[in-house]
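Here's the letter readout for the chains.
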Amino acid sequence: MSETPLLDELEKGPFPSFVKEIKKTAELHEKAEKEVPVMAKGVLKQVETSFRDKITHWKHGGIVAVRGYGGGVIGRYSDLAEEIPEVAHFHTVRVNQPSGWFYTSKALREICDIWERRGSGLTNFHGSTGDMVLLGTFTEQLQPLRDELAELDTPFDIGGSGGDFRTPSCCVGPARCEFACYDTLEACYQITTEFQNELHRPMFPYKFKIKFAGCPNDCVASIARSDFAVIGTWKDDIKIDSAAVKEYAGQIDIQAEVVDLCPTGCMSWDGSTLSIDNANCVRCMHCINKMPKALAPGDERGATILIGGKAPMLEGAILGWLFVPFMEMEPPYDEIKDMVAELWEWWDEYGKFRERIGETIWRLGMSEALRVAGVDAVPQHVQEPRNNPFMYFAKDELVHSDIVKEFEKRGLKLKGEAGEED
């Protein structure tokens, strides 16, 4: 009789089954030389017991790490350690992925060989942050695992976890996409190496993610999944190849499938000529995606910065909102580095425990974040029109000396003067 009758049911049906794959791993590990017990077999027992008891038997907690690192390892233990010793510990290790998730087959084989020996052999390619996730090992295997990863011909580092800068990730960018408006791979690499201390040592109120998307298609979903989204865009006009447009006219209904679906109605088609009112284009990419041989992003390229995107925690899910309309993207990306560092310092001082930076901005106001980052306010920053008539100015905002004199003449105190009320 099977040891896992409930899990066996999940192998039935037309869809791939994680149960089948874990069983295959367990069977292979029964015959292999390993530094740890056959953890895959223990996982099956653990999950079967949880299905039967209708409660989880995984405990989350405990601080485990490797020397010099505060993050990158998620501690997990079983409350059935005596009954299922194979998974008494089941720590997850995050490994910093290469930009764009480009691996050589040699590097992947080497990582898998290490993990087969020192862990469960189970992986997740990739976690929502971007890391390669190695699922399940014992505490005593963490340091040897990290050391062996670092000693490979292509060395790999540990990623982020906890209240720190999480591992940056990016789309494939110019490596495989003609729409990329900047080099996402280089930007991701440079930001990763710049902030190693923040990546490895938790010090923030909560996590902070940066994702790099090469164009408004946003293939890494940075607007929804990152606190600081860098999305490629362009300032000039969409490039049009008129001959290619005519070719598409014989293949698709340009009026119905392109022009009528433009969200701002900035396009027109008279049957022979496609016209675009670029001043009203919002860079949605629909027309370019439908006719990639005929339309392309302009030549004056860079990125838009969005801030505050996140999944639910203290507040509900938030899509990132506009922070910098356009920024040139050239190495060494000092403008982004300086801006992020200033925002971190402010957030670290004013953010509450487990409060993402977007929630801090929501609470304290976008104007504060703009001031800290040195970004000028633009109409696109306004969420809604003012609903009260009161205006306040700091003293250094009053550019006309006669206004300052008039305030002083009337004995009024100006906001921003030390030790005085507004």
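Overview of the structure.

**As for the nonpolar core**
Move 1: Within the largest apolar cluster, 39 residues are counted, with the highest numbers of intra-cluster contacts made by Phe228, Val230 and Phe323.
Move 2: Within the residue set of this core, elements represented by two or more residues are helix H6 (184-194), strand E8 (210-213), strand E9 (228-234), strand E14 (301-307), strand E15 (321-327), helix H12 (334-350), helix H13 (357-364) and helix H14 (366-373).
Move 3: Aside from chain neighbours lying at most four places away, what touches Val230 is Tyr182, Ile210, Lys211, Phe212, Ala213, Ala303, Thr304, Ile305, Met329 and Ile336.
Move 4: One finds Phe179, Val258, Met267 and Cys281 within the second-largest nonpolar core, a separate group that totals 25 residues.

**Re the sheet that holds E15**
Move 1: On the basis of which strands lie adjacent, the open sheet formed by five strands has the order E7-E8-E9-E14-E15 and mixed pairing. Single-partner strands in this sheet number two, and they are strand E7 (169-170) and E15.
Move 2: Here E8 pairs with E9 via four bridges, running parallel. Among the inter-strand pairings, Ala213 is bridged to a residue of E9, identified as Ile231.
Move 3: H6 rests against E7 and E8 of the sheet, and its axis sits at about 165 degrees to E8.

**Observations concerning the sheet that holds strand E4 (residues 92-95)**
Move 1: Read from one edge to the other, the open sheet built from four strands follows the order E2-E4-E6-E5, with strand pairing classed as antiparallel. With partners counted over all chains shown, the strands left at the sheet margins are strand E2 (73-74) and strand E5 (122-125), one partner each.
Move 2: Examined bridge by bridge, E4 and strand E6 (residues 132-135) share four bridges and lie antiparallel to one another. Within E6, the residue paired with Val95 across the bridge is Met132.

**So, helix H9 (residues 242-249)**
Move 1: Taken together, the buried positions of H9 are occupied by Ala244, Val245 and Tyr248. Buried residues in H9, looked at end-on, bunch into an arc of 105 degrees, giving them a common side. The outward face of H9, more than 90 degrees from its buried face, is lined by the exposed residues Ala243, Lys246 and Glu247.
Move 2: Where H9 is buried, its residues contact strand E10 (239-240), helix H10 (254-257), strand E11 (267-269), strand E12 (274-276) and helix H11 (286-290).

Each value, and the rule that gives it
- Residues numbered from 1 in each chain as written.
- Predicted model: local features only at pLDDT ≥ 70, side-chain atom pairs only at ≥ 80, totals over all residues.
- Heavy atoms only, no water.
- Core = buried A, V, L, I, M, F, W, Y, C linked by side-chain atoms within 4.5 Å.
- Buried < 20%, exposed > 50% of the residue type's maximum accessible area, 1.4 Å probe, protein only.
- Helix = DSSP H or I, 4+ residues; strand = E, 2+ residues; numbered from the N terminus.
- Contact = heavy atoms within 4.5 Å.
- Pairing = 2+ DSSP bridges.
- Axes fitted to C-alpha atoms, helices over the stretch in contact; angles between N-to-C directions.
- Arc of directions from axis to C-beta.

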